[in-house]
Amino acid sequence: MLQVVIDENIVVPPLTRLQSEVFIDEDSFGEDDFDDDHKSDQDKTCDLNVVGKKGHGYICKVSVESDEEEEGVIEDVWGKPTDESIEDDDDESESLSSEILNPGEAVSDESEGGGYDDETNQFYNEVLESLQRGIEEKVNSENTILEINASKHAYNITIKEVNTLLLKALLKLPLESGQVSTPQQYLSSIKPSLQFFHPLVSKYIRSAESQLDCLSSIEDFMKSNEDISPALIKVIHFWYDKELLKESVIIKWFKDLSPESDKVRKQATTFITWLQTADEESSEEEESSED
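Remember, it's a predicted structure, so these values are computed and weren't measured experimentally. (Residues numbered from 1 in each chain as written. Predicted model: local features only at pLDDT ≥ 70, side-chain atom pairs only at ≥ 80, totals over all residues. Heavy atoms only, no water.)

Here's the deal with a nonpolar patch on the surface
Then step 1. Together, V4, I6 and I10 make up an exposed nonpolar region whose accessible area comes to about 190 Å².
Then step 2. Checked against the element boundaries, V4 lands in the segment before strand 1 (18-19). (Patch = residues over 30% accessible without salt bridge, like charges linked within 9 Å, V, L, I, M, F, W, Y side chains within 5 Å. Areas by Shrake-Rupley, 256 points an atom, 1.4 Å probe, with all protein chains shown as cover. Salt bridge = Lys/Arg side-chain N within 4 Å of Asp/Glu carboxyl O. Helix = DSSP H or I, 4+ residues; strand = E, 2+ residues; numbered from the N terminus.)

Below, the structure written as structure tokens:
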């Protein structure tokens with residue numbers, strides 16, 4: 001098998017590609033009908049000015065079907081892209097970048113209704129505004145409920161999303177001032193809102209399913225705001241005392257906590273233990289009274 005051989009003291013020009021046999025354009029009409037004997041001596045002579053007198057090799061040529069196609073070739077024989085191809089790649093990258101990230105796009109924080117579509121986020125923002133106005137202007141709960149329900153229908157929000165986002169907005173209220181950074185400060189700030197909006201919340205949180213929605217909202221809020229998360233257990237306790245959350249639902253929520261909510265579990269353990277102990281003592285007292 002013939003190989004390309006370069007004579008001694010011969011320097012091949014840069015970007016020169018050699019092959020061991022004569023270049024044959026297989027796409028050219030009629031050339032396949034001729035064997036080597038029919039080729040001219042010039043065709044069968046090595047490129048001695050490139051490989052040297054004792055060398056063997058032929059310059060590799062690129063076959064194109066037309067002059068227009070030849071002008072369109074933007075890579076040399078080594079596959080090195082020309083400036084034109086680099087510019088095209090840059091243009092394509094810029095185009096892709098503009099499609100992936102549009103100016104002005106932002107990701108909402110989890111505690112602010114993140115993970116929802118634009119309409120749901122807009123609903124959340126309107127609920128938050130209604131609650132802020134309600135507490136500042138002492139708006140009757142019935143009027144605030146009308147506002148929330150109007151937004152619900154305007155944005156086609158499910159009742160489950162209403163429950164979840166209403167609770168998140170309520171829990172968010174103390175943080176809007178920017179002056180709350182500790183559990184004690186949060187608890188002191190949230191108490192008036194819990195008292196004021198209790199009639200409103202009790203209109204939405206009724207069934208066991210809605211109570212689980214409520215607890216899930218608290219859980220998410222705790223994970224998103226770890227600095228104040230211990231205060232959220234007090235919120236659960238408050239709603240338990242107000243009979244908004246039933247013991248059986250709280251216990252179920254606690255047992256179903258995922259490994260990702262391990263910190264929530266640890267912070268809620270003391271309250272759950274108290275809850276179960278209080279239930280046992282109550283049962284014992286009832287049995288004693290019956291005897």
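Re the packing of helix 7 (residues 159-172) against helix 10 (residues 208-224)
Then step 1. Relative to each other, helix 7 and helix 10 sit at 40 degrees, their axes nearing to 9 Å. By the angle between their axes, helix 7 is oblique relative to helix 10. The element helix 7 and its partner helix 10 pack so that their crossing is right-handed. Together, K160, N163, T164, L167, K168, L171 and K172 of helix 7 and S210, D213, C214, S217, I218, D220 and F221 of helix 10 make up the contact between the two elements. (Axes fitted to C-alpha atoms, helices over the stretch in contact; angles between N-to-C directions. Parallel < 35°, antiparallel > 145°, perpendicular 65-115°, else oblique. Left-handed = near helix turned anticlockwise from the far one by under 90°. Contact = heavy atoms within 4.5 Å.)

Here's the deal with the packing of aromatic side chains
Between two aromatic rings, the relevant description is the distance of the centres plus the angle of the planes.
Then step 1. Inspection of every chain in the model, using the stated rule, returns five aromatic pairs.
Then step 2. When the ring of F196 is compared with that of F197, the centres are 5.0 Å apart and the planes differ by 85 degrees; the resulting orientation is edge-to-face.
Then step 3. Ring centres 6.3 Å apart and planes at 75 degrees place the aromatic pair Y240 and F271 in the edge-to-face group. Within this pair, whereas Y240 is found in helix 11 (residues 229-241), its partner F271 is found in helix 13 (residues 262-290), the two being separated by 31 residues in sequence.
Then step 4. Among the aromatic residues, those joined into a cluster by ring pairs are Y240, F271 and W274.
Then step 5. Across the ring face of F196, the terminal group of K138 is positioned such that the distance to the ring centre comes to 5.3 Å.
Then step 6. The ring centre of F254 lies 5.4 Å from the NZ or CZ of R265, which sits over that ring. (Phe/Tyr/Trp six-rings, centres within 6.5 Å; stacked < 30°, edge-to-face > 60°. Lys NZ or Arg CZ within 6 Å of the ring centre and 35° of its normal.)

Observations concerning the pattern of salt bridges
Then step 1. For the structure on display, the rule yields seven salt bridges.
Then step 2. E147 is paired through a salt bridge with R133; the nearest N and O atoms lie 2.7 Å apart. On the criterion of sequence distance, the pair formed by E147 in helix 6 (residues 141-154) and R133 in helix 5 (residues 118-137) is long-range, its members being 14 residues apart.
Then step 3. Judged by its relative accessible area of 29%, E147 falls in the partly exposed class.
Then step 4. Of the residues examined, R133 reaches a relative accessible area of 31% and is grouped as partly exposed. (Buried < 20%, exposed > 50% of the residue type's maximum accessible area, 1.4 Å probe, protein only.)

Considerations on the confidence of the model for the chain
Then step 1. The predicted model of the chain has a mean per-residue pLDDT of 76, with 65% of residues at 70 or higher.
Then step 2. Across residues 24-44, where pLDDT falls below 50, the model places 12 contacts with residues more than four positions away in sequence or in other chains.
Then step 3. Counting interchain partners and residues more than four positions distant, the pLDDT-below-50 stretch residues 62-113 has 39 contacts. (pLDDT = per-residue confidence, 0-100.)

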